[in-house]
Amino acid sequence: MSALTLEGVAKRFGSLVAVDNVSLTVLKGTFVCLLGPSGCGKTTLLRLIAGLEAPSAGRILLDGTDVTGLPTHRRDFGMVFQSLALFPHLNVRDNIAYPLRIRGAAKTEWESRVGELLELVHLQDHGERPVSRLSGGQRQRVAIARALAVSPRLFLLDEPLSALDAKLREAMQVELRQLQQKLGITTIVVTHDQREAMTMADLVVVMGNGRIHQAAAPVDIYRKPANAFVADFIGSTNLLDIAADGSGRALFDGVPLPGVTLPAGVGRARLSIRPEDVRLTAPETAALTGRVTFLRDLGGTVETFVEAADTTIVAVSTRRERVRAAAGDPIGIQLPAEACVVLTR
Ligand code: ATP
């Protein structure tokens with residue numbers, strides 16, 4: 001069953017189109033990451049879902065019911081923003097209890113709920129501590145517990161981990177994902193960090209220029225990018241201009257690429273292949289050859305930059321499988337068909 005459906009949702013600020021005709025279905029219990037470069041409309045889309053902005057067009061359905069015109073406080077969502085917005089003069093317990101108390105929950109009721117939530121976010125020993133005396137990660141957990149206090153129908157977070165240092169952020173990503181799985185709560189997180197999205201999400205929604213470029217599982221976003229924007233934004237990739245021969249088989253610089261074809265009627269396209277999938281060989285054993293321009297030894301892996309037909313192709317290999325070559329050497333390039341994605345957009 002779908003928890004959230006967006007139908008042709010758009011948001012304009014004057015002449016600027018921040019969100020452009022977005023349609024999306026989110027199944028119950030899914031962890032969604034809205035991912036994209038700065039200014040692509042992620043936050044605006046989250047705010048539209050939250051009811052903090054009114055859409056210029058389109059509908060928002062929650063469990064099949066149209067909530068487009070429903071004010072935020074009647075949507076029963078839990079929200080965590082980058083700023084966290086905790087009450088600095090209150091202790092942890094009172095911060096978490098706040099949404100329950102303003103809803104008029106009896107003392108015994110909120111006390112037991114706060115106890116559960118403290119345990120859920122591993123802060124059972126910190127209930128009496130003022131939030132001003134917590135670490136960044138602990139504050140984050142208070143904000144999460146507070147947002148979950150009223151058992152929201154949807155859990156929305158805007159860059160919730162961006163203020164944390166890299167190590168703590170990675171730990172919190174795992175924690176947040178585990179918490180979400182435990183509760184089975186439908187969750188939507190805005191992030192510009194692709195690693196974060198890949199770690200946490202069931203569904204990664206890649207946005208650019210206010211539009212959804214692709215919505216798919218992390219592995220599919222990486223392995224089967226829908227277009228060059230997604231291929232380039234997620235991880236690093238090689239993009240090669242290819243052309244079709246008379247039978248639709250792919251040619252790069254006139255050299256056939258075995259097993260790679262273009263869709264019928266398409267003369268030109270781009271091929272995306274991840275650096276770790278490019279195989280380098282002795283030049284005499286490959287149809288496609290280039291020249292090594294640069295080598296980067298990163299300890300565990302080696303990156304080899306190869307120039308072929310005015311295109312730089314990067315290959316990443318482990319130290320063991322690398323081909324001994326130096327800058328200036330000719331080298332053979334193999335592009336295994338199963339790792340090649342032909343992009344026509
Ligand atoms: P970031 O990662 O930098 O936060 P984002 O992808 O979340 O970016 P949004 O904050 O949704 O992007 O902004 C999308 C576009 O809409 C931007 O060009 C932004 O300047 C514009 N925008 C957002 N809110 C408003 C507003 N209230 N009034 C006018 N323009 C706005």
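The rules behind these values
- Residues numbered from 1 in each chain as written.
- Predicted model: local features only at pLDDT ≥ 70, side-chain atom pairs only at ≥ 80, totals over all residues.
- Heavy atoms only, no water.
- Helix = DSSP H or I, 4+ residues; strand = E, 2+ residues; numbered from the N terminus.
- Buried < 20%, exposed > 50% of the residue type's maximum accessible area, 1.4 Å probe, protein only.
- Contact = heavy atoms within 4.5 Å.
- Lys, Arg positive; Asp, Glu negative; His and termini not counted.
- Charge placed at Lys NZ, Arg CZ, Asp CG, Glu CD.
- Domains from an automatic or database assignment.
- Buried area = accessible area lost by both parts, 1.4 Å probe.
- Pairing = 2+ DSSP bridges.
- Phe/Tyr/Trp six-rings, centres within 6.5 Å; stacked < 30°, edge-to-face > 60°.
- Lys NZ or Arg CZ within 6 Å of the ring centre and 35° of its normal.
- Axes fitted to C-alpha atoms, helices over the stretch in contact; angles between N-to-C directions.
- Parallel < 35°, antiparallel > 145°, perpendicular 65-115°, else oblique.
- Left-handed = near helix turned anticlockwise from the far one by under 90°.
- Nonpolar A, V, L, I, M, F, W, Y, C, P; charged D, E, K, R; others polar.
- Near = heavy atom within 4 Å.
- Polar contact = N/O pair within 3.5 Å; in protein donor to acceptor, adjacent residues only side chain to side chain.
- Areas by Shrake-Rupley, 256 points an atom, 1.4 Å probe, with all protein chains shown as cover.
- 1 Å grid on protein atoms, 1.4 Å probe; cavity = no way out; pocket = protein on both sides within 12 Å on 5 of 7 lines; lining within 4 Å.
- Points joined across faces, edges and corners; volume = space filled by probe spheres on them.

Student: Explain the overall build of the protein chain to me, and be specific about the residues and the numbers.
Tutor: Counting its regular elements, the protein chain contains 8 helices and 20 strands. C-alpha extents for the protein chain along the principal axes are approximately 80 × 45 × 35 Å. Here the protein chain, with 345 residues, has 48% of them falling under the buried criterion. Taking the contacts inside the protein chain whose residues are at least 6 apart along the sequence as the reference set, 67% of them involve residues at least 24 apart. A gap of 4 Å separates the mean positions of the 39 positive and 36 negative side-chain charges of the protein chain.

Student: Tell me what's going on with the domain arrangement of the protein chain, and back it up with residues and numbers.
Tutor: We note that the domain assignment places domain 1 (2–232) and domain 2 (236–343) within the protein chain. Between the C-alpha centres of domain 1 and domain 2 there is a distance of 40 Å. Each partner contributes to the interface: domain 1 provides 9 residues, whereas domain 2 provides 9 residues. Of the roughly 780 Å² buried where domain 1 meets domain 2, counting both sides, 48% is carbon and sulfur surface. Sorting the residues of domain 1 by area buried against domain 2 places Y222, R223 and A231 first, and these three jointly supply 56% of that buried surface.

Student: Give a description of the pairing of strand β17 (residues 301–308) that names residues and reports values.
Tutor: In terms of residue burial, β17 counts as a mostly covered element, since 6 of its 8 residues are buried. Two elements, strand β16 (residues 288–297) and β17, share 6 bridges in a ladder whose sense is antiparallel. Of the residues in β17, the one forming a bridge with F294 is F305. Count of turn residues in the β16/β17 antiparallel hairpin: 3 residues, of which G299 carries a positive phi of about 90 degrees. For β17 and strand β18 (residues 311–318), the ladder comprises 8 bridges, and the chain directions are antiparallel. Looking at β18, one finds that A308 is bridged to T311. Here β17 folds back onto β18 in antiparallel fashion, the turn holding 2 residues, of which A309 has a positive phi close to 50 degrees.

Student: Describe the packing of aromatic side chains, with residues and values.
Tutor: Counted under the stated rule, the structure contains 3 aromatic pairs. Here the aromatic rings of F229 and F233 are separated by 6.1 Å at their centres, their planes lie at 10 degrees, and the arrangement is stacked. Placement of the pair is F229 and F233 together in helix α8 (residues 228–233), with a separation of 4 residues, close to one helical turn. Over the aromatic face of F87 sits the side chain of R146, whose NZ or CZ is 5.4 Å from the ring centroid.

Student: An account of the packing of helix α2 (residues 92–102) against helix α4 (residues 136–148) is needed here, citing residue identities and associated values.
Tutor: α4 packs onto α2 with a crossing angle of 30 degrees between their chain directions and a minimal axis gap of 7 Å. Here α2 is positioned roughly parallel relative to α4, judged by the angle of their axes. Crossing hand, α2 versus α4: right-handed. Touching V92, N95, I96 and P99 of α2 are V142, A145 and R146, all from α4. Per-class residue counts for the contact of α2 with α4 are 5 nonpolar, 1 polar and 1 charged.

Student: Let's hear about the site of the ligand: which residues, and what values?
Tutor: The full set of residues close to the ligand is F13, L16, A18, P37, S38, G39, C40, G41, K42, T43 and T44. Within the side chain of K42, one N or O atom sits 2.8 Å away from an oxygen atom of the ligand. Bound to the protein, the ligand loses 57% of the 630 Å² it would expose on its own. For the shell around the ligand, the class distribution of residues is 5 nonpolar, 5 polar and 1 charged.

Student: I'd love a proper account of the sheet that holds strand β20 (residues 341–343), names of residues and values included.
Tutor: Strand order in the open sheet formed by 5 strands is β13-β12-β11-β14-β20, with antiparallel pairing between adjacent strands. Unpaired on one side and paired on the other, β13 (255–261) and β20 mark the two borders of the sheet. Strand-to-strand twist of the sheet, defined as the mean angle between neighbouring strand axes without regard to direction, takes the value 40 degrees.

Student: Can you lay out α2 for me, pointing to particular residues and giving the numbers?
Tutor: Among the residues making up α2, those that are buried are V92, N95, I96, A97, P99 and L100. As for α2, its buried residues are in contact with α3 (107–120) and α4. The distance from a side-chain oxygen at the start of α2 to the backbone nitrogen of R93 is 3.2 Å, and the residue carrying that oxygen is N91.

Student: Which residues make up the sheet that holds strand β19 (residues 330–334), and what values go with them?
Tutor: Hydrogen bonding along the main chain pairs the strands of a sheet, whether they run parallel or antiparallel. With antiparallel pairing, 5 strands are arranged side by side in an open sheet as β15-β19-β16-β17-β18. Bordering the open sheet on either side are β15 (279–281) and β18, each of which pairs with just one other strand. Strand-to-strand, the axes of this sheet are offset by a mean angle of 45 degrees, without reference to chain direction.

Student: Can you tell me about the layout of surface pockets, naming the residues and giving the values?
Tutor: Roughly 500 Å³ of volume is contained in the largest pocket. Taken together, 20 residues make up the lining of the largest pocket; nearest its centre are F77, G78, M79, P99 and A147. When contributions to the lining of the largest pocket are tallied by element, the ones reaching two or more residues are β6 (77–80), α2 and α4. Top element by residues in the lining of the largest pocket is β6. It accounts for 4 residues. Classifying every residue of the lining of the largest pocket by side-chain character gives 13 nonpolar, 4 polar and 3 charged. Its boundaries defined by the atoms lining it, the second largest pocket holds a volume of some 180 Å³. If you list the elements that add at least two residues to the lining of the second largest pocket, you get β15, β17 and β18. At 3 residues, β15 tops the list of elements feeding residues into the lining of the second largest pocket. Looking at side-chain class alone, the lining of the second largest pocket contains 8 nonpolar, 3 polar and 4 charged residues.

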